[in-house]
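# Structural features, examined
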Amino acid sequence: MHQKIERLIKEGIQNLDEGFCLVDKDLNLSFWNKWLEDKTGISPGTVLGTPFIDLVRPGAKEYVTKRLQNAFRFGQKDHLSQSFNKYLIKIKTSKSKSFSVMQQKVFITPLLVEGKIDALAIVIQDVTIETERIQQLNINRKDLEKIIDERTKHLKTIMQSLELKVEERTEDLKKAKEVAEHASQAKSNFLTMMSHELRTPMNGVLGMAHLLKESTLDEDQQKYCDTILTSGNMLTQLLSDILDLSKAEAKMQKTDIKAFSFEELMVSSVDLFDGSAKSKGLDLSWTLDPKIEKTLLGDMTLLKRIISNLVGNAVKFTHDGKITITVQLIEDTLESQKTLFQITDTGIGVSKEQQKEIFEPFIQADSGSTRKYEGTGLGLAIVYELVVLLGGTIDISSEEGKGSCFTFTLTFEKPSTVAD
Ligand code: ADP
C-alpha cells in the first residue's frame, strides 16, 4: 500500500504542469521531472548527478548558489523572485510577443530526512503570460501618465494665460473705475459750484422782483411780478436741492453733531406742515417714545431736512385721511440709542415697480407732461444720502391707493458718554 502511494506521488510529480527537481547537499541534481525534460529537451539521464548551477543563466549563478547554500544551512523556504526578462534556466517559448525565453517563478523548499536537511525541492513555474500582462499594464500606465502629464501641462499653460488675462482685465477695470469715479466727483464738484454760483444772481432777481412788487404797478404788471417771484422761488428751491444732493453724493456734506432736543426736532420739522395739512383736511400727528432721552447727539439741521422732506411728501401725496409720525426706541445701550422713525400716510401710494428706484434722483411717479404734483424728484435722493451719511438705513413699504410708510433707523450717542 505504502509503496503504491509512493509510486503515485512520483507519477504525480512527473506529470505536474510545472518543473520539479531535487538538489542534493553537493548541489547536484538528483531528480528531474517530465515537465523539465519536455521544456528543456534535456533528459534525466544527461542531467542527473550534474551541478544544478550549470543550468542556471550565467548572470544569476553566484546569487542562486548562495541562496541554495543558505537554504541548506538555515532550512528556510525561499522564493527566487524574477524581475522582468529574467529567468533561471533558459527555456525557449513562443507563448508571448515580448519574451522569447520563458519567464519563471522559483520556489526552494528544504526537505528533511530524520530531522536533517537532506535535499532541496525546486519548483519552477511558467509565468510568461502573467509577466507579459503586467508589462503591458505598466506600458499602458506609463502612456496614460504621459498623456495626463501633457494635458496637465497644457491646462497649466491655459490657466496661466487666463490668469494673465484676468489680471489685465482687473487692471483695466480698476483704471476705468478710477476714471468714472474721477468723472463723477468732477460732475458733483461742478454741480455744487454751479448751483451755488446760480443762487447769487437768483437772489438779485428775487430781491428786485420783491422791490418791484412794492412799487406802484397796474394789475397786469402785478401778475407778471408774481410769476417772476413764483418761478424764481421754484428755481431757488431746485438749485438748493441740486446743491444738497451733489454735496452729499460728492461726500462733501459735513455733519455738525451737537446735543439736540428730540422734542424740539419734531416740533420744528413736523409742525410747520400743520397749516397745509389742515387746509387739505388731513389729520397730522406725531408721537415720541418716552424712553428716548430728552437730549441726544446729532445733526439737527440734517435731521430736520430728512423729516420735513418725508412729511412734506406725505402731505403732498395724501388727499384724505391722516399722516402719523412715530419715533420708537429699538436699542438702548450705555452709550447710545437706536431709533426707528416711521412716516405713515393714507395717500396715493407708490407702485412696487417705482419703490425699487424711488431713492434715486429725478424719479417721479407722474413724470409726464401732465404732472399733477409739483416737485423736482430730488427730495428722496437727498433724504437717502443724508440718512446714509448719518449712519442709518431707509426703506419704504407702500400700496397703491392705500398709502405709504417710510421708515429709517438712526443711532444717536448719549451726551454724557462723549463728555468722558
Ligand atoms: P418730488 O420733488 O417729486 O416730491 P421726491 O424725491 O421727494 O421728489 O419724490 C419722488 C417721487 O416719489 C414723487 O414724485 C412721488 O411720485 C413719489 N413719492 C414720494 N413720497 C411719496 C408719498 N408719501 N406718497 C406717494 N408717493 C410718494
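## Thoughts on the overall build of the chain
In terms of helices and strands, the chain carries 12 helices and 12 strands. Computed over C-alpha atoms, the radius of gyration of the chain comes to 52 Å, more than 25% over the 22 Å expected from 2.2 N^0.38 for 420 residues, which places it beyond the range of a compact globule. Overall size of the chain, expressed as C-alpha extent along the three principal axes, is 155 × 50 × 45 Å. Here the chain holds 420 residues, and the buried ones make up 35% of them. Within the chain, residue pairs in contact and separated by at least 24 positions form 63% of the contacts whose partners lie at least 6 positions apart.

## Regarding the nonpolar core
Among the nonpolar cores identified, the biggest contains 45 residues, and F262, L310, V311 and F408 are the most heavily contacted of them. Looking at this core, the elements that each hand over two or more residues are α6 (219–249), α7 (262–270), α9 (300–316), β9 (322–332), β10 (336–345), α11 (379–389), β11 (393–399) and β12 (403–413). Per element, the largest residue contribution to this core is nine residues, and it comes from α9. Here F262 is in contact with L288, I292, E293, K294, L296, V327, T339, F341 and F412, once residues within four sequence places are set aside. If you look at the next biggest cluster of nonpolar residues, it comprises 28 residues, including A71, I91, V106 and I122.

## Regarding the environment of K322
Checked against the element boundaries, K322 lands in strand β9. Separated by 60 residues in sequence, K322 and F262 place their C-alpha atoms 22 Å apart. Here K322 is in contact with D283, T344, D345 and T346, once residues within four sequence places are set aside.

## A closer look at the packing of α6 against α11
Where α6 meets α11, the closest approach of the two axes is 9 Å, and the angle between their N-to-C directions is 35 degrees. When the axes of α6 and α11 are compared, the crossing they make is left-handed. Along the contact surface, α6 presents D241, D244, L245, A248 and E249, while α11 presents A381, I382 and E385.

## Some words on the side chain of T318
Within the element layout of this structure, T318 appears in the loop between α9 and β9. Only 2.5 Å separates the side chain of T318 from the backbone oxygen of A314, close enough to count as a polar contact. Those residues in contact with T318 that lie beyond four places of it in its chain are K280, L282, I323, D345, T346 and G347.

## Focus on the packing of α9 against α11
Two elements in contact, α9 and α11, have axes whose closest approach is 9 Å; the angle formed by their N-to-C orientations is 145 degrees. Considering only the axes of α9 and α11, their crossing is left-handed. Of the residues in α11, those touching α9 at L302, R305, I306, N309, L310 and N313 are G379, L380, I382, V383, L386, V387 and L389. Of the residues in the contact of α9 with α11, the class split is nine nonpolar, three polar and one charged.

Definitions and limits used
- Residues numbered from 1 in each chain as written.
- Predicted model: local features only at pLDDT ≥ 70, side-chain atom pairs only at ≥ 80, totals over all residues.
- Heavy atoms only, no water.
- Helix = DSSP H or I, 4+ residues; strand = E, 2+ residues; numbered from the N terminus.
- Rg over C-alpha atoms; globule rule 2.2 N^0.38 Å.
- Buried < 20%, exposed > 50% of the residue type's maximum accessible area, 1.4 Å probe, protein only.
- Contact = heavy atoms within 4.5 Å.
- Core = buried A, V, L, I, M, F, W, Y, C linked by side-chain atoms within 4.5 Å.
- Axes fitted to C-alpha atoms, helices over the stretch in contact; angles between N-to-C directions.
- Left-handed = near helix turned anticlockwise from the far one by under 90°.
- Polar contact = N/O pair within 3.5 Å; in protein donor to acceptor, adjacent residues only side chain to side chain.
- Nonpolar A, V, L, I, M, F, W, Y, C, P; charged D, E, K, R; others polar.

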